[in-house]
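Each chain, written out:
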Amino acid sequence: MEGGARLRAGASKWDVREKVWDYLEKSGLADFPRPVHGRIPNFKGSHQACCSIKELDLFNRAHEIKVDPDKPLEGVRLAALQARKTLLVPTPRLRTGLFNKIVPPSGATKEILRICATSQGVKDYSVPVGLDGKARVDLVVVGSVAVSEEGWRIGKGEGYADMEYAMMVSMGAVQEDTPVITIVHDCQVVDIAEELLGDHDLTVDYILTPTRIIKTNCKRPKPQGIMWHKAKSYEMLGKIPILKSLRYREKQAGKDVTLRDERSDLANATTPAALNEKATAANTSPQAAMGSAQRGEHAAESDALSPRLEGSGVITTVYVGNIPPSVRVSELKCALREFHTTPLRLNWQGARHRAFLDYEDKAAAERAVSSLKGLSLGGNTLRVELAKNQRNKGQVEINSQK
């Protein structure tokens, strides 16, 4: 680390982060927003480092560029907009999707383009790009806390850049030879032990600093897709709704998408007692009722999946819209089972591209909305929300959703 504290032998990823953050602050190199701890750090000279990307042929040849929303990458986003390239920026923490495409207003001035490159501009001048948006990214630009000249990268520890790249692989948005660039201060280029890296960690091909352009010639393979067996749990899927849609899509394609905690559950469920208990539950559960009670696919189908519906008091209805004409009710039922959101009743209105799901209470309905957010069927991202008009016990018609 240039002129600063040295990393001790055997340093962990967290040790590396702390040394870099501390050094940037103590040396006066840190820039807004501060403190830089816990962030992809902004630094003095970041704009100069970003501008050097225009010297690379791979930037000049690129048509579609994905750039992280971090402050030190603002200059790259501006350079992409000024060069009239398609600019994709990941949504914050992937809460509402994967990408936003920045769309400057017609005839945008240099000042407007500068605003578009900021975090506020990403909010004000962007449109979402879903899983079926056919993104084809030519260049990926990520932020880093630390990076080595070999291309080993350490982020801030939340794993979003790694996950974003893996998701892009899964949706076909990047190829094996798609270059990855990071922008850092010279002091962030440090020695990193390769054994600190996991299979899920993203490596970089170019490092841009205020004084250097470093070609890493990194040979370590980048993530080949989402490693579901290393993903923690359904809690993670709840935090990243679009991840649920990718998982469902890959499962439909025959891939193994078993989560880490599911493997433990499967191991525990192979005993004779567990199998008997599972069989008994299957015969009495709403999921089993869904499989047996809902066979038809009428233009408007309304099946009660549990006798509890009639005596449970106030139920809560979830509206599912934007259903493509090609999607059949059986596909929606399959998705509901997969996401553990089986309703008490499903009212299918395929001709009107919608369905209504009844749940026993508001809490169950809200869990279903959260779980199904971002779900894509038949090429459309479904619209999922609590129905505007709710029913009381005993009513049999569902009010129209405007």
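Residues numbered from 1 in each chain as written. Predicted model: local features only at pLDDT ≥ 70, side-chain atom pairs only at ≥ 80, totals over all residues. Heavy atoms only, no water.

**Description of the overall build of the chain**
So the rule is basically this: What counts as a helix is a DSSP run of H or I of at least four residues, what counts as a strand is a run of E of at least two, and both are numbered from the N terminus. To sort residues, take the accessible area from a 1.4 Å probe on protein chains only and compare it with the maximum for the residue type: under 20% means buried, over 50% means exposed, and anything in between is partly exposed. Note on definitions: a residue-residue contact is assigned when non-hydrogen atoms from the two residues lie within 4.5 Å. Each accessible area value is a Shrake-Rupley result obtained with a 1.4 Å probe; residue values ignore everything except the protein chains displayed when judging cover.
Secondary structure summary: the chain contains 14 helices and 17 strands in total. A burial count over the chain gives 50% of its 402 residues as buried. Taking all contacts inside the chain whose residues are at least 6 apart in sequence as the whole, residues at least 24 apart take part in 66%. For the chain, the exposed area adds up to about 19300 Å²; of that, 49% sits on carbon and sulfur atoms.

**Points about helix H14 (residues 362-372)**
Quick reminder: α-helices carry 3.6 residues per turn. Residues three or four places apart thus point the same way. Let me state the cut-off plainly: What the arc measures is the spread of directions leading from the helix axis to the C-beta atoms. Any pair of N or O atoms that falls within 3.5 Å is considered a polar contact. Within protein, one atom must be able to donate a hydrogen and the other to accept it, and sequence-neighbouring residues count only if both atoms are side-chain atoms.
Considered for burial, the residues of H14 that qualify are Ala364, Ala365, Ala368, Val369 and Leu372. Buried residues of H14, seen end-on, are gathered within an arc of 140° and therefore sit on one face of the element. Two to three positions downstream of the cap, the backbone nitrogen of Ala363 sits 3.3 Å from a side-chain oxygen, assigning the N-cap of H14 to Asp361.

**So, the packing of aromatic side chains**
By convention here, two paired aromatic rings are described through the distance between centres and the angle between planes. Where we set the bar: Centres within 6.5 Å make a pair out of two Phe, Tyr or Trp rings, where for Trp the six-membered ring is used; the pair is then stacked when the planes are under 30 degrees apart, edge-to-face when over 60, and tilted otherwise. Here, over-ring charges are defined by two tests on the NZ atom of lysine or the CZ atom of arginine: distance to the ring centre within 6 Å, and angle to the ring normal within 35 degrees.
Within this structure, the stated rule accounts for 2 aromatic pairs. An angle of 80° between the planes, with centres 5.6 Å apart, marks the rings of Trp14 and Trp21 as edge-to-face. What makes Trp14 partly exposed here is its relative accessible area of 44%. Measuring from centroid to centroid gives 5.7 Å for Tyr319 and Phe356, while their planes differ by 55°, and the two rings are tilted. Of this pair, Tyr319 sits in strand E12 (residues 316-321) while Phe356 is found in strand E14 (residues 354-359), placing the two residues 37 residues apart along the sequence. Judged by relative accessible area, which is 0%, Phe356 ranks as buried. Here the guanidinium or amino end of Lys85 rests over the ring plane of Phe59, the centre of that ring lying 5.1 Å away.

**Thoughts on the sheet that holds strand E10 (residues 213-215)**
Using the following cut-off: When DSSP finds two or more bridges between a pair of strands, those strands are recorded as paired. Working convention: axes come from line fits to C-alpha atoms, limited for helices to the stretch in contact. Angles between N-to-C directions cover 0 to 180 degrees.
Taken in spatial order, the 8 strands of this open sheet run E4-E3-E2-E1-E5-E8-E9-E10, and their pairing is mixed. The open sheet has two edge strands with one neighbour each: strand E4 (126-129) and E10. Along the sheet, successive strands turn relative to each other by an average axial angle of 25°, direction set aside. Here 3 bridges tie strand E1 (residues 64-67) to strand E2 (residues 86-90), and the two strands are oriented parallel to one another. Note that in E2 the partner of Lys66 across the bridge is Leu88. Contacting E1, E2, strand E3 (99-102), strand E5 (139-143) and strand E8 (180-183), helix H4 (residues 74-82) runs over the sheet at an angle of about 150° to E2. Sheet strands in contact with helix H7 (residues 160-170) are E1, E2, E3, E5 and E8, and its direction is about 150° off that of E1.

**Looking at the pattern of salt bridges**
Side chains that carry opposite charge are capable of pairing whenever their charged atoms lie near each other. Selection criterion: Here, a salt bridge means any Lys or Arg side-chain nitrogen found within 4 Å of an Asp or Glu carboxyl oxygen.
Following the criterion strictly, the structure yields 15 salt bridges and no others. With a closest N to O distance of 3.9 Å, Glu111 and Arg114 form a salt bridge. Pair noted here: Glu111 and Arg114 are both in helix H5 (residues 110-116), with a separation of 3 residues, about one helical turn. On the basis of relative accessibility, which here comes to 47%, the residue Glu111 falls in the partly exposed class. Taking relative accessible area as the criterion, Arg114 reaches 41% and is therefore assigned partly exposed. In this structure, Arg212 engages Glu149 in a salt bridge whose closest nitrogen and oxygen atoms are separated by 3.2 Å. Of this pair, Arg212 sits in the loop between strand E9 (206-208) and E10 while Glu149 sits in the loop between strand E6 (146-147) and strand E7 (153-154), placing them 63 residues apart in sequence. Relative accessible area serves as the criterion here: at 34%, Arg212 is assigned to the partly exposed category. Here the salt bridges do not stand alone but share partners, grouping Lys66, Asp68 and Glu164 into one network.

**Some thoughts on the nonpolar core**
The condition that has to hold: In this description, a nonpolar core means a group of buried Ala, Val, Leu, Ile, Met, Phe, Trp, Tyr and Cys residues linked to one another through side-chain atoms lying within 4.5 Å.
Grouped together as the largest cluster of nonpolar side chains are 48 residues, with contacts concentrated most on Ile53, Leu139, Val141, Ile181 and Ile183. Setting aside its immediate chain neighbours within four residues, Ile53 contacts Phe59, Val76, Ala79, Leu139, Val141, Ile181 and Leu208.

**Section: the side chain of Lys66**
Looking at the element boundaries, Lys66 is found in strand E1. A distance of 3.1 Å separates polar atoms of two side chains, one belonging to Lys66 and the other to Glu164. Once residues lying within four places of it in the same chain are set aside, the contact partners of Lys66 are Leu88, Pro90, Phe99, Val137, Leu139, Val140, Val141, Val142, Glu164 and Met168.

**Thoughts on the pairing of E2**
Heads up, the condition is: Classification remark: right-handed applies to a crossover when, strands pointing away from the viewer, the course from the first strand over the helix to the second runs clockwise.
Burial analysis of E2 places 4 of its 5 residues in the buried class, which makes it a mostly covered element. In terms of handedness, the path from E1 via H4 over to E2 forms a crossover that is right-handed.

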